[in-house]
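Observations on the three-dimensional arrangement
Single-letter residue listing:
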Amino acid sequence: MNMSNVGTFHRYKVEIDTLADVREFVNIATTCRGQLLLESGDSFKVNAKSLLGVIIAKKLDWNDITLLAEEECYTKFAHFIAD
């Protein structure tokens, strides 16, 4: 996975609280075109279209989760975007 162009991605701070949220988030993510990543800080990134990746992010209790999206997808994830 090439992370060199992550700076050009749309960034949204998200909250994923329950396992049901994880499933809904991944279902939405799989409908989006382009690459989607979940990031915690600068060192950890997982594929946001992967159920296992999102579960791992939740299990590791990331306090600050950011969705990185190649294409604009704010309306699709509005329910998860933190204020």
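Residues numbered from 1 in each chain as written. Predicted model: local features only at pLDDT ≥ 70, side-chain atom pairs only at ≥ 80, totals over all residues. Heavy atoms only, no water.

Some points on the pairing of strand 4 (residues 65-69)
Counting buried residues in strand 4 gives five out of five residues, a clear majority hidden from the surface. Residues Ile 65, Leu 67 and Ala 69 point to one face of strand 4 and Thr 66 and Leu 68 to the other, with burial holding for every one of them. The sheet contact formed by strand 1 (residues 10-14) and strand 4 spans five bridges and is antiparallel. Pairing of Val 14 across the sheet is with Ile 65, part of strand 4. (Buried < 20%, exposed > 50% of the residue type's maximum accessible area, 1.4 Å probe, protein only. Helix = DSSP H or I, 4+ residues; strand = E, 2+ residues; numbered from the N terminus. Pairing = 2+ DSSP bridges.)

Considering the pairing of strand 2 (residues 36-40)
Most of strand 2 is tucked away: five of the five residues are buried. Residues Leu 36, Leu 38 and Ser 40 line one face of strand 2 and the alternating positions Leu 37 and Glu 39 line the opposite face, and both faces are buried. Strand direction decides the pairing type here: strand 2 and strand 4, joined by five bridges, are antiparallel. Looking at the pairing, Glu 39 lines up with Thr 66 of strand 4. The sheet contact formed by strand 2 and strand 3 (residues 44-47) spans four bridges and is antiparallel. Residue pairing in the sheet places Ser 40 in a bridge with Phe 44 of strand 3.

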